[in-house]
Amino acid sequence: MEKKILIDASQAKQTRIAITNNGNVDGYEFENINKKQLKGNIYLGKVSRVEPSLQAAFVDFGNERHGFLAFNDIQSDYYHLPQVDKNALKQEEEEIREELNKVTENIDANENKQNNEILNVPISESENIESTLENGISDNENHLDKKIEKIKEKRKKRYRIQEVIKPGQVILIQIVKEERGKKGAALTTYISLAGKYIVLMPNTAKGGGISRKIFNTQDRRHIREIINKLSIPNTMGLIVRTAGAKKTQNDITNDLGVLIGMWEKIKHKTLNSNAPSLIHEEGDLIYRAIRDFLTNDIKEIIIDGKSSYEKALSYAETIAGDYVKKIKRYKNKIPLFHSSGIEKYLNIIFESKITLKSGGYLIINPTEALVAIDVNSGKSTKERNIEKTALATNIEAAEEIARQAKLRDLAGLIVVDFIDMENFSNRRLVERKMKESLRTDKARTQVGRISHFGLLEMTRQRLRESYIKWETVLSKESFCEKLLRKVEEKIFDIPKVKKVSIEISPKTILFMKENMKEEINFFEKKFKFKSLFLKNENLLSNEFKVNFLNSKNKLLDTYSEISIQIEETKKNKSIKSDGKKKTQKKFKKKKVKK
């Protein structure tokens, strides 16, 4: 396997990163200067309002839209309570922390037991050794998570947010989810600082944990030994990342020291700042790529752009000194992504159809509620019978779906409609292939089983806002039908309408004249009005504006469906033109006076 990281920073305003594996694109990241990632940033914010109905608070952290802070994500340190009650809460937290430490100490013994049991389990059609081990590890991790939730649940039952949090209160928060659509950023007071090998939780007493992505029992035992030797403060917790699986105690200790030093700087800056203000920035895309993706299996990291190359070297010297030699500058005149042959592949993410090598294809349709993926055999006819063709196409599709999920950042509920397979063991093979392909994904995923109808449900954690945004739009015929029905609906509500002027895009006018003459004539005769279609170059194919007039051409009412951006640009243009007219009038008056 030859893995590379390619960084295209030739454009000043944007940076693109592709992770390739034997020429195939396994990961893609994009960042624009105008819209930088906020996730992971730490701010000193101020509670703008408390919502008892949501059991949450809205926090002003300096952004235009205030962030959403759920009650469960607020530390007890911020509660306005008598000292006696606070001490009781702290005592409860201390008891649960001790329980957590006991559980983590017993994890090794549990894993060894499971290992011995697995060796005696026969490989059946539905399960294999690997998946059994995986489930055992995730069960232990889930057990820990449930224990941590106890702290939050106890507080939730005892107190209401309006009793302990007040508007105007200053609070240190971290962004855990970016703004999306009309939703503000999701916030937490439980801070986490990501290093090269560990994630430090400086104000969460969780002890030491291990990433769920580390499945190898020997690696987990090795990490557990290192964690037990570390001197972690009682108020802190840490999780060893996948990159730290085979690292020495010195590497992890050094990383811990760097993160504790970072936390001290954050505390110092917080005490000397006024809310709202930025306290700690997560780092740009190049920094995150070196921290998160540059590992032993990466052969080289190639960078197109002088300043970005120098940045990468300084970042690597700070957080990944062993890998500095792997960083190389690209000097060819042909753009990096073109010379490596991956630009064409990356452009596929703008399409809903993805063709597979076997001749089959996928159709990806993101909707408001979920992402629907349809698998089709297409021209795939290499296998002897239908069942073998279905299995081969589904296995190839499972691998491609896992890749596309990373490239497009598909998140939430994902439903895959695989080609129907009658054989039970074939379904299990496809499920295992899907889980195996998702193993390298940084996002947390859960994969279900293929149902009787051939549907597989899976969930994927949202890491960032998707680079590609999709909209579901009506067909031209349905849009024209909708337009006429809207006119009919409004005519009954507005008296004395004799004329209707409809502003639509030029292409929509052509379609209506060619395909909907009879419908238009029918409506004009039935409701006794005249229609006039006007071309508006500024409107998109799914937008329109209707003016209702009387017999004397007096405007009675207006109805429109136009996106906010276009309306805003029109307003701005009208404001500018009005401003120009006013200044011209003033100038003319002055001339007359002279």
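Quantities reported herein were computed from a predicted structural model and do not represent experimental measurements.

I'm lost on the confidence of the model for the chain in this one. Help?
Any segment with low pLDDT has predicted coordinates that should not be analysed in fine detail. Of all residues in the chain, 82% have pLDDT values of 70 or greater, and the mean over the chain is 81. This model gives residues 565-577 a pLDDT under 50, and the stretch forms 9 contacts once residues within four places in sequence are excluded.

I tried to follow the sheet that holds strand β22 (residues 499-504) on my own but got confused; where do I start?
The strands making up a sheet associate through backbone hydrogen bonding, with each pair oriented either parallel or antiparallel. If you trace the 4 strands from one edge of the open sheet to the other, you get β23-β22-β24-β25, paired in mixed fashion. The sheet terminates laterally at β23 (530-535) and β25 (555-561), the two strands that pair on one side only. The average undirected angle you get between the axes of adjacent strands in this sheet is 15°. Here β22 pairs with β23 via 6 bridges, running parallel. Bridge pairing links Val-500 to Ser-531 in β23. Lying over the sheet, helix α13 (residues 506-515) contacts β22 and β23, oriented at roughly 140° with respect to β23.

Looking at this model, I keep getting lost on the sheet that holds strand β17 (residues 361-366). Mind explaining?
In spatial order, the strands read β16-β17-β18-β19-β21-β20; together these 6 strands make up an open sheet with mixed pairing. Since the sheet does not close on itself, it has two edges, and those belong to β16 (353-355) and β20 (445-450), each with one partner. The mean inter-strand angle of the sheet, taken between neighbouring strand axes irrespective of direction, is 15°. Sheet topology note: the β16/β17 ladder contains 3 bridges and is antiparallel. Paired with Ile-354 across the bridge in β17 is Leu-362. The sheet contacts of helix α10 (residues 386-408) involve β16, β17, β18 (371-376), β19 (412-417) and β21 (455-460), and relative to β18 the element is tilted by about 150°. Along the sheet, helix α11 (residues 424-437) contacts β19, β20 and β21; its crossing angle with β20, the most-contacted strand, is approximately 170°.

Please clarify how the side chain of Asp-441 should be interpreted in this entry.
By the secondary structure assignment, Asp-441 is in the loop between α11 and β20. Within the structure, Asp-441 has its side chain in polar contact with the backbone nitrogen of Ala-443 (distance 3.0 Å). Contact partners of Asp-441, with chain neighbours within four places excluded, come to Lys-213, Lys-406 and Arg-460.

How should I be thinking about the pairing of β18 in this particular structure?
Residues in a regular strand project their side chains so that they alternate between the two faces of the sheet. Burial along β18 is one-sided: Val-371, Ile-373 and Val-375 are buried, while Ala-372, Asp-374 and Asn-376, pointing the other way, are not. In the sheet, β17 pairs with β18 via 6 bridges, with the strands oriented antiparallel. From the neighbouring strand, Pro-366 faces β18, where its bridge partner is Val-371. Once β17 ends, the chain turns through 4 residues before running back antiparallel as β18. Note: β18 against β19, 4 bridges, orientation parallel. Following the sheet pairing, Ala-372 is matched in β19 by Val-415.

Where do I start with the nonpolar core in this structure?
A general feature of soluble globular proteins is that nonpolar side chains tend to end up buried together. Counting 69 residues, the largest nonpolar core has Ile-5, Ile-74, Tyr-79, Ile-165 and Ile-290 as its most contacted members. Counting residues per element, this core draws most heavily on helix α5 (residues 249-271), which supplies 6 residues. Leaving out residues up to four positions away in the same chain, Ile-5 has contacts with Ile-17, Ala-18, Ile-19, Phe-293, Leu-294, Ile-298, Glu-300, Ile-301 and Ile-302. Ile-354, Ala-390, Ala-398 and Met-458 belong to the second largest nonpolar core, which has 27 residues in total.

Help me understand the environment of Leu-238, please; the structure alone is not making it clear to me.
Looking at the element boundaries, Leu-238 is found in strand β12 (residues 237-240). Along the sequence, Leu-238 and Met-201 sit 37 residues apart, while their C-alpha atoms lie 5.6 Å from each other.

When you look at the pattern of salt bridges in this model, what are you seeing that I'm missing?
Pairing is possible between side chains of opposite charge, provided their charged atoms come close. This structure, assessed with the given rule, holds 27 salt bridges. Two residues, Asp-297 and Lys-3, come together in a salt bridge whose shortest N-O distance is 3.5 Å. Residue Asp-297 is found in the loop between α6 (285-292) and β14 (298-304), and its partner Lys-3 is found in strand β1 (residues 3-8); the two are separated by 294 residues along the sequence. A residue is classified by how much of its surface remains accessible, and Asp-297, at 38% relative accessible area, is partly exposed. Of the residues examined, Lys-3 reaches a relative accessible area of 16% and is grouped as buried. Here Lys-246 and Asp-219 are joined by a salt bridge, their closest N and O atoms 3.3 Å apart. Taken together, the positions of Lys-246 in the loop between β12 and α5 and Asp-219 in helix α4 (residues 217-229) put the pair 27 residues apart, joining distant regions of the chain. One salt-bridge network, in which partners are shared between bridges, spans Glu-2, Lys-4, Lys-299, Glu-300 and Lys-328.

What is the right way to read the pairing of β21 from this model?
Residues Leu-456, Met-458 and Arg-460 point to one face of β21 and are all buried, whereas Leu-455, Glu-457 and Thr-459, pointing to the other face, are not buried. As paired elements, β19 and β21 share 6 bridges and run antiparallel to each other. Along β21, the bridge assignment pairs Gly-412 with Arg-460. Relative to β21, β20 runs antiparallel, the two sharing 4 bridges. Within β21, the position partnered with Val-447 by the bridge is Met-458. Counted along the chain from β20 to the antiparallel partner β21, the turn is 4 residues long, and its residue Gly-454 has a positive phi close to 85°.

Just to check I follow, could you spell out the packing of α13 against helix α14 (residues 517-527) for this structure?
Two measures define how a pair of helices packs: the angle their axes make with one another and the distance between the axes. Relative orientation of the contacting elements α13 and α14 amounts to 85°, with a least axis distance of 5 Å. Considering their axes alone, α13 and α14 lie roughly perpendicular with respect to each other. On α14, the residues touching Met-512, Lys-513 and Asn-515 of α13 are Lys-517, Glu-519 and Ile-520.

Reading the values: rules and limits
Residues numbered from 1 in each chain as written. Predicted model: local features only at pLDDT ≥ 70, side-chain atom pairs only at ≥ 80, totals over all residues. Heavy atoms only, no water. pLDDT = per-residue confidence, 0-100. Contact = heavy atoms within 4.5 Å. Pairing = 2+ DSSP bridges. Helix = DSSP H or I, 4+ residues; strand = E, 2+ residues; numbered from the N terminus. Axes fitted to C-alpha atoms, helices over the stretch in contact; angles between N-to-C directions. Polar contact = N/O pair within 3.5 Å; in protein donor to acceptor, adjacent residues only side chain to side chain. Buried < 20%, exposed > 50% of the residue type's maximum accessible area, 1.4 Å probe, protein only. Core = buried A, V, L, I, M, F, W, Y, C linked by side-chain atoms within 4.5 Å. Salt bridge = Lys/Arg side-chain N within 4 Å of Asp/Glu carboxyl O. Parallel < 35°, antiparallel > 145°, perpendicular 65-115°, else oblique.

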